[in-house]
Amino acid sequence: MKKSFIILLLAGMTLSVQAQSSQAPEAALALRVLVEEPVEPAPLASKQLIEQKLNTLLTQNGIASMDYLGQFFITARAIPTSKDIIAGPPTKISETLEVALYIADYYNQLVFATTTTTVKGIGETDTRCYLNALKQLKLNTPEMKKFVAEGKRKVLDYYNTQADKMIAKAQLLAQQKNFEEALWIVSTIPAECDKYADALAAGKVIYQQYIDHLCNVNLAKARTTWAAGQDVITADAAGEFLSQIYPDAQCYGEAMELYKEIKGKVLDDWKFEMKKYQDGVDIEKERIHAMRDVGVAFGKGQQPITTHISSFMPW
């Protein structure tokens, strides 16, 4: 699994860690923008336009947008309520849409906040008329701000009441060596949550357990692989396992000893270097980024095959 704080370079090059911002990384509250495939009379292009509107709405109100489905999401649906023909030339169509927006809990199938607004569009075709109406959706209104604020408050209420249980579950999973899932759980707790510091502290401990476990597993595989032939071929194969060992893992020193042993035997025929940290990098910040990368990667791998929400949305 790739980590953001290390990049393996082969062919004689060393691995380095790229420095990030001087500010500590924080897992800000984020929602998934989730819009179902449009059905008639909505044109196909309406989905992308609604997604763009919802992403902008989140950004304007200080909420991040996730590119995968987490527990909480924002969605919207536009329903035509009236249509009129405007005499030409050219003849045009005037259509009014009722747009309903929701912030909801996907896992528990609960709606946390909702608001409804009306938009009107004019166009020479039904499709153009529909899209022009959606473009009139105003985001910077008191009603929209209240809608987002209410949804955000209820999401944070959830985390504030459930964070201790989430952390305890993550720690139990780590004891069972389910490190990726454990890091996924703690990484979902946002910085705005009252228990964020506790979640971050637990995540750091679990992440250290995770890289120590990876180190032990990959070092054992590297040793077995190298012992099987002790030539360039087995050196390259062993290097694949050594490349997955991180500089701050407990067995890194032992891994370096094996690296030196292999290097001393195959010499320049082995174009591999162990992972190292770049001077001047804030290791602690990079570890937090890497910890979250592991959790997010697990979360993305657990995505549902379908994301139909009509079964519990009140539309």
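Our structure is the block above this text.
Counting starts from 1 at the beginning of each chain's written sequence and moves along it residue by residue. Reporting of local features is limited, given that this is a predicted model, to residues whose pLDDT is at least 70; pairs of side-chain atoms are given and counted only at 80 or more, and all residues count toward the totals for whole chains, interfaces and linings. For side-chain calculations, the full set of non-hydrogen atoms in the structure is used, while hydrogens and water are omitted.

Caption draft 1: Layout of the environment of Thr224. Checked against the element boundaries, Thr224 lands in helix 5 (residues 196–227). When the C-alpha atoms of Thr224 and Tyr68 are compared, they prove to be 39 Å apart, with 156 residues separating the residues in sequence. Identification of polar contacts relies on pairs of N or O atoms within 3.5 Å, with a donor-acceptor requirement for protein atoms, meaning one able to donate a hydrogen and the other able to accept it, and with residues adjacent in sequence counted only if both atoms are side-chain atoms. Within the local environment of Thr224, its side chain forms a polar contact with the backbone oxygen of Ala220, the two atoms lying 3.0 Å apart. Numbering of helices and strands runs from the N terminus; a helix is a DSSP stretch of H or I covering at least four residues, while a strand is a stretch of E covering at least two.

Caption draft 2: View of unusual backbone geometry. Across the junction of Glu40 and Pro41, the peptide omega takes the value 15 degrees, indicating a cis bond. By the element assignment, Pro41 lies in the loop between strand 1 (30–33) and helix 1 (45–60). Located in the positive-phi region is Gln109, a residue other than glycine, with phi close to 55 degrees. Relative to the elements of secondary structure, Gln109 occurs in the loop between strand 4 (92–105) and strand 5 (110–123). A simple rule labels every residue: compare its accessible area, found with a 1.4 Å probe on the protein chains alone, to the largest value its type can have, and call it buried under 20%, exposed over 50%, or partly exposed in between. Accessibility expressed as a relative area gives 45% for Gln109, which makes it partly exposed.

Caption draft 3: Geometry of the state of the cysteines. Working definition: a disulfide is two cysteine sulfur atoms within 2.5 Å of each other. Inspection of every chain in the model, using the stated rule, returns one disulfide. One disulfide in the model links Cys215 with Cys251; its S-S distance is 1.6 Å. When the S-S torsion is -115 degrees, as for the bridge of Cys215 with Cys251, the disulfide is left-handed. Within this pair, whereas Cys215 is found in helix 5, its partner Cys251 is found in the loop between helix 6 (232–242) and helix 7 (252–266), the two being separated by 36 residues in sequence. For the pair Cys215 and Cys251, a shared accessibility class is recorded, and that class is buried.

Caption draft 4: Broad picture of the sheet that holds strand 3 (residues 72–86). Criterion used throughout: strands pair if DSSP finds at least two bridges between them. The mixed open sheet is built from five strands, whose spatial order is 2-1-3-4-5. Looking at strand neighbours, the two that pair on one side only are strand 2 (64–66) and strand 5, the edges of this open sheet. In this sheet, adjacent strand axes meet at a mean angle of 30 degrees when their direction is disregarded. Two elements, strand 1 and strand 3, share two bridges in a ladder whose sense is parallel. Looking at the pairing, Val33 lines up with Ile74 of strand 3. Strand contacts of helix 2 (residues 126–135): strand 3, strand 4 and strand 5, with the helix running at about 125 degrees to strand 5, the strand carrying the most contacts. By the convention used here, residues are in contact when the closest approach between their heavy atoms is within 4.5 Å. For helices, the fitted line uses only the C-alpha atoms of the stretch in contact; every axis is such a line through C-alpha atoms, and the angle between N-to-C directions lies from 0 to 180 degrees. With respect to the sheet, helix 3 (residues 142–175) is in contact with strand 1, strand 3, strand 4 and strand 5, its orientation differing from that of strand 5 by roughly 155 degrees.

Caption draft 5: Inspection of the environment of Leu219 at higher detail. You can see Leu219 is positioned in helix 5. Separated by 33 residues in sequence, Leu219 and Tyr252 have C-alpha atoms that sit 8.8 Å apart. What Leu219 contacts, discounting residues up to four positions off in sequence, is Leu242, Ile245, Cys251, Glu254, Ala255 and Leu258.

Functional significance is not addressed by these values, which are geometric in nature.
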